[in-house]
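# Report on the structure
Take a look at the letters that make up each chain.
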Amino acid sequence: MALREGRFSGSNVHSLAESTVRNSLSFVASTFREHDRPNPTRDEDGELSRLLSRQFRAFKNDDPNPIQQKALPIGVLSEIAKRQTTETERAISQLAIGAFFF
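This section reports on the structure supplied with the text. These numbers were taken from a predicted model, which means no experiment stands behind them.

## A closer look at the pattern of salt bridges
Applying the stated rule across the entire model yields 4 salt bridges. The salt bridge involving glutamate 18 is made with arginine 22; its shortest N-O contact spans 2.8 Å. Of this pair, glutamate 18 and arginine 22 both sit in helix H2 (residues 18–34), 4 residues apart, roughly one helical turn. The exposure class of arginine 22 is partly exposed, given its relative accessible area of 35%. We note a salt bridge from glutamate 87 to arginine 90, for which the minimum N-O separation is 2.6 Å. With glutamate 87 and arginine 90 both in helix H5 (residues 87–100) and 3 residues apart, the pair spans about one turn of that helix. Its relative accessible area of 31% is what places arginine 90 among the partly exposed residues. Via salt bridges that share partners, Glu79, Lys82 and Arg83 belong to a single interconnected network.

## With respect to the nonpolar core
Formed by Leu16, Val21, Leu25, Leu52, Phe56 and Phe59, the largest nonpolar core amounts to 6 residues. Elements represented by at least two residues in this core include exactly H2 and helix H3 (50–62). In terms of residues, this core owes the most to one element, H3, which gives 3 residues.

About the thresholds
- Residues numbered from 1 in each chain as written.
- Predicted model: local features only at pLDDT ≥ 70, side-chain atom pairs only at ≥ 80, totals over all residues.
- Heavy atoms only, no water.
- Salt bridge = Lys/Arg side-chain N within 4 Å of Asp/Glu carboxyl O.
- Helix = DSSP H or I, 4+ residues; strand = E, 2+ residues; numbered from the N terminus.
- Buried < 20%, exposed > 50% of the residue type's maximum accessible area, 1.4 Å probe, protein only.
- Core = buried A, V, L, I, M, F, W, Y, C linked by side-chain atoms within 4.5 Å.

Following this line, the structure appears as structure tokens:
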């Protein structure tokens, strides 16, 4: 599938994830609905096309697992809080600590 292979993307994109392909097709279907046309991704019974559901499942199975990222240690925040010498550093410290908890 050209969309999955990234043929319409930049040269640095090798393959698109299942969720990206699904969202792109959703936008196409919404354009059809806006112009009073039937949804091309649905069967006569209103369910997602069997072909598309199988295709999405295959894409999801082929997608690489998400890469887990390590959490920021609390020691980093305490060091940022200790090194407040200017108003800019104080503002950065407050924003970083606030962002950590949200």
